[in-house]
Amino acid sequence: MDSSFDTLDAAGFLQIWQHFDADDNGYIEGKELDDFFRHMLRKLGPEEEITEEKVQQVKKRFMSAYDMTADGRLQIQEFANMILPEEEHFLLIFRREAPLDNSVEFMKIWRKYDADSSGYISAAELKSFLQDLFARHKTDVPSSKLDEYTDTMMKIFDKNKDGRLDLNDLARILALQENFLLQFKSDASSKEERRRDFEKIFAHYDVSKTGALEGPEVDGFVKDMMELVKPKITGPDLDKLRAILLRHCDINQDGKIQKNELALCLGVKLIV
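Conventions and cut-offs
- Residues numbered from 1 in each chain as written.
- Predicted model: local features only at pLDDT ≥ 70, side-chain atom pairs only at ≥ 80, totals over all residues.
- Heavy atoms only, no water.
- UniProt positions renumbered as here; feature names shortened; annotations may be inferred.
- Axes fitted to C-alpha atoms, helices over the stretch in contact; angles between N-to-C directions.
- Helix = DSSP H or I, 4+ residues; strand = E, 2+ residues; numbered from the N terminus.
- Parallel < 35°, antiparallel > 145°, perpendicular 65-115°, else oblique.
- Left-handed = near helix turned anticlockwise from the far one by under 90°.
- Contact = heavy atoms within 4.5 Å.
- Nonpolar A, V, L, I, M, F, W, Y, C, P; charged D, E, K, R; others polar.
- Expected span 1.5 Å × (residues − 1).
- Buried < 20%, exposed > 50% of the residue type's maximum accessible area, 1.4 Å probe, protein only.
- Arc of directions from axis to C-beta.
- Core = buried A, V, L, I, M, F, W, Y, C linked by side-chain atoms within 4.5 Å.
- Salt bridge = Lys/Arg side-chain N within 4 Å of Asp/Glu carboxyl O.
- Patch = residues over 30% accessible without salt bridge, like charges linked within 9 Å, V, L, I, M, F, W, Y side chains within 5 Å.
- Areas by Shrake-Rupley, 256 points an atom, 1.4 Å probe, with all protein chains shown as cover.
- Phe/Tyr/Trp six-rings, centres within 6.5 Å; stacked < 30°, edge-to-face > 60°.

An unreviewed UniProt entry lists the protein chain under the name Secretagogin, with Chanos chanos as the source organism. UniProt lists a comment for the protein chain under the heading Subcellular location (unreviewed entry), and it reads "Cytoplasm".

Quick look at the structure:
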């Protein structure tokens, strides 16, 4: 971290983040990234001429050190690692968690902390989540600090300022990876191609390897499938869509979606 940010606290960090994440997509990238490093150079040497070459040199140096996912953009955790002082590094605990690459694991967390099944994470539920997270990292956090951290997290991630987090907010906190279904062609024409894609998709969501999707496995599949059509769905949206999928695909009504049931539902003929 550079000395020009030595007095920065979580609130100041939030202001900088919101300024440079201009399109509010959860990353600083492209022109936003160049603007940030140009800003940083002005802080470092207000009297010096700032050239495009200098901006790109500083950008390259810092990105090689802090862009942990090597995707050419900064997530909020990576940005925090770059400019927050040590005592404000509570945000980075999420960076030390293994990035989630499966919506099933994400939905397990969602269901656990949406304790009242409202379809949202309240401040109290977020506090419970943070408490468990710190405990797993064997970090002793006083109650007053836990309240402060909860408040800061709500300010950073509660985009519509309604005092609660939705599915998309939590996905950003946990750095959920790109929707698994985006890699498949929607216009796959041959039966063999569709069958091959189906096998990959079912294996991805059948985390328990039981041959049936159940609980958070159904949730994860529904979330990813519906986000292909509607990029941001809420918890209540997901619950409605989950009920519809089960009603149409759960033929034997056991609360699960068997592999052959999902294939039938999607119009894929399996090889027996």
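After presenting the structure, the write-up continues.
Q: Looking at this model, I keep getting lost on the packing of helix α7 (residues 123-136) against helix α8 (residues 143-157). Mind explaining?
A: Two numbers describe a pair of packed helices, the interaxial angle and the distance between the axes. Here α7 crosses α8 at 120°, and the two axes come no closer than 9 Å. On the basis of the axis angle, α7 is oblique to α8. In this structure, α7 crosses over α8, and the sense of that crossing is right-handed. Note on element contacts: α8 touches α7 through Ser143, Leu146, Asp147, Tyr149, Thr150, Met153 and Met154, opposite Ala123, Leu126, Lys127, Leu130, Gln131 and Phe134. Here the residues of the contact of α7 with α8 sort into eight nonpolar, three polar and two charged.

Q: Explain helix α3 (residues 52-66) here, please?
A: For the α-helix, the turn length of 3.6 residues means that residues three or four positions removed from each other point alike. Between its terminal C-alpha atoms α3 stretches 21 Å, which fits the 21 Å expected from 15 residues at 1.5 Å a residue. When we look at burial in α3, the residues that qualify are Val55, Val58, Lys59, Phe62, Met63 and Tyr66. In an axial view of α3, the angular spread of the buried residues amounts to 125°, which keeps them on one side of the axis. In α3, the exposed positions that point more than 90 degrees away from the buried face belong to Glu53, Lys60, Arg61 and Ser64.

Q: What is the right way to look at the nonpolar core in this model?
A: Nonpolar side chains tend toward joint burial in soluble globular proteins. Phe37, Phe79 and Phe106 are the most contacted members of the largest nonpolar core, which has 67 residues in total. If one sorts the elements of this core by residue count, α8 sits on top with six residues. When residues no more than four places from it in sequence are discounted, the contact partners of Phe106 are Leu100, Leu167, Leu170, Ala171, Leu174, Leu176 and Lys223.

Q: Hey, could you run me through the pattern of salt bridges in this one?
A: Working definition: two side chains of opposite charge can pair if their charged atoms are close together. Inspection of every chain in the model, using the stated rule, returns 18 salt bridges. Across the salt bridge formed by Asp71 and Arg73, the nearest N and O atoms sit 3.2 Å from each other. Given the relative accessible area of 25%, Arg73 is considered partly exposed. Here Glu105 ties to Lys108 by a salt bridge, and the two come within 3.5 Å at their closest N and O atoms. Of this pair, Glu105 and Lys108 are both found in helix α6 (residues 103-113), three residues apart, which corresponds to roughly one turn of the helix. With a relative accessible area of 29%, Glu105 lands in the partly exposed category.

Q: Got a minute to help me understand unusual backbone geometry in this structure?
A: Negative phi characterises most residues that are not glycine, and trans characterises most peptide bonds. Despite not being glycine, Ser117 has its phi angle at roughly 55°, a positive value. For Ser117, a relative accessible area of 58% puts it in the exposed group. Here the phi dihedral of Gln253 falls at roughly 55°; this positive angle occurs in a residue that is not glycine. Structurally, the position occupied by Gln253 is in the loop between α12 (235-249) and β6 (257-258). A relative accessible area of 71% places Gln253 in the exposed class.

Q: Looking at this structure, how should I read the environment of Phe198?
A: Among the structural elements, Phe198 can be located in helix α10 (residues 191-205). Placed 72 residues apart in sequence, Phe198 and Leu270 show a C-alpha to C-alpha distance of 9.2 Å. Each residue touching Phe198, except ones within four places of it in the same chain, is listed here: Lys259, Leu262, Ala263, Leu266, Val268 and Leu270.

Q: Teacher, can you tell me more about a nonpolar patch on the surface here?
A: A surface patch of nonpolar side chains, about 310 Å² in accessible area, is lined by Leu182, Leu228 and Val229. Take Leu182: it is sitting in the loop between α9 (167-173) and α10.

Q: Would you mind showing me how to read the packing of aromatic side chains here?
A: Two descriptors summarise a pair of aromatic rings, namely the distance from one centre to the other and the angle between the planes of the rings. Considering all chains together, one arrives at nine aromatic pairs under this definition. Between Phe62 and Tyr66, the ring centres sit 6.0 Å apart and the planes meet at 20°, which makes this aromatic pair stacked. Pair noted here: Phe62 and Tyr66 are both in helix α3, with a separation of four residues, about one helical turn. Given the relative accessible area of 16%, Tyr66 is considered buried. Aromatic side chains Phe180 and Tyr205 sit 6.0 Å apart centroid to centroid with 85° between the ring planes, which places their arrangement in the edge-to-face category.

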